[in-house]
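Single-letter residue listing:
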Amino acid sequence: MRIVLVTENPEYADLLKRAANNLSYDIPAHVTSIAALRLTLKKIEADVVVVATTQINSRKLRQIARIHQTTPRPIAVFVNQSDASTINAALKSGISAFVVDGLKAERVKAVLDLAVIRFHETQTLQKQLQEANTTPAERRLIRQAIEILMNKAHVSENGAYQGLYKMALNRNKRVADIAMFIVTGEQFLGHNTHSIAGNSAVNVVSRNEFTAAA
């Protein structure tokens, strides 16, 4: 496994490099900022990106989201401390595994394996949805529905794709039709001043149809 390491902390870098060496993983690049990651990924083929930092803020998450859109890779993040809102934002940004206070050598393999599995699950679902007899306009609609599900149901991107796919199967409908229902329902409720506070199109479907990624 080829890893691009992102950390400004020498202790974290040393721990991860020793763990990678013990696992016979290769670290062809080590950068000290997420800002430097985009250029690095254009030069180096990596199986996974590992970010290790004390805390992660919204600016760094936006940088990761942009990288995920242009050069998608499995991304595992280790932080010392975080809160629920940051964890939700992290999963929505494209991070495949987010670990709080868990940077231990013996956990590295399990976390990286999980990141890779979740990343490829999401990529496969995206491809299936895109190829399911959809037009470009329908694919944009599906993307809108995914973003609504992520924000309203508080699930990861992978969880939103799985939930949308499951809703379509359970109702014997096309994924694009379910996406249209979610988007138009959300638009109606968003513009209806008499709608019940906190209501949304997502509440119309069962929360059991979503699989939240931890």
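Residues numbered from 1 in each chain as written. Predicted model: local features only at pLDDT ≥ 70, side-chain atom pairs only at ≥ 80, totals over all residues. Heavy atoms only, no water.

Caption draft 1: Spatial organisation of the sheet that holds strand 4 (residues 75-79). The parallel open sheet is built from five strands, whose spatial order is 2-1-3-4-5. Each end of this open sheet is capped by a strand with a single partner; those strands are strand 2 (26-31) and strand 5 (97-100). Across the sheet, the mean angle from the axis of one strand to that of its neighbour is 20°, orientation sign disregarded. With four bridges joining them, strand 4 and strand 5 adopt parallel strand pairing. Each bridged residue has a counterpart across the sheet, and for F78 the counterpart in strand 5 is V99. Seen against the sheet, helix 1 (residues 10-22) touches strand 1 (2-6), strand 2 and strand 3 (48-53) and runs at an angle of roughly 165° to strand 2. (Pairing = 2+ DSSP bridges. Helix = DSSP H or I, 4+ residues; strand = E, 2+ residues; numbered from the N terminus. Axes fitted to C-alpha atoms, helices over the stretch in contact; angles between N-to-C directions. Contact = heavy atoms within 4.5 Å.)

Caption draft 2: Layout of unusual backbone geometry. The backbone phi angle of H154 is positive, close to 55°, even though this residue is not glycine. For H154, the position within the fold is in the loop between helix 6 (136-152) and helix 7 (157-171). In this model, N172 sits at a positive phi of 55°, which is unusual for a non-glycine residue. Here N172 lies in the loop between helix 7 and helix 8 (175-191).

Caption draft 3: Just the packing of helix 6 against helix 7, in detail. In contact at an axis separation of 9 Å, helix 6 and helix 7 are set at 115° when each is read in the N-to-C sense. Taken as a pair, helix 6 and helix 7 cross one another with a handedness that is right-handed. Of helix 7, the residues touching helix 6 (which contributes I142, R143, I146, L149 and M150) are E157, A160, Y161, L164 and M167. Here the residues of the contact of helix 6 with helix 7 are counted per class, giving eight nonpolar, no polar and two charged. (Left-handed = near helix turned anticlockwise from the far one by under 90°. Nonpolar A, V, L, I, M, F, W, Y, C, P; charged D, E, K, R; others polar.)

Caption draft 4: The nonpolar core, seen in detail. Within the largest apolar cluster, 22 residues are counted, with the highest numbers of intra-cluster contacts made by I3, L16, V50, F78, L103 and L112. Those elements giving two or more residues to this core turn out to be strand 1, helix 1, strand 3, strand 4, strand 5 and helix 5 (108-131). With six residues, helix 1 is the single largest residue contributor to this core. Apart from residues no more than four positions distant in its own chain, L112 is found in contact with M1, I3, Y25, V48, V50 and A76. Ranked by size, the runner-up nonpolar core spans 21 residues in total, among them V4, V6, I75 and F98. (Core = buried A, V, L, I, M, F, W, Y, C linked by side-chain atoms within 4.5 Å. Buried < 20%, exposed > 50% of the residue type's maximum accessible area, 1.4 Å probe, protein only.)

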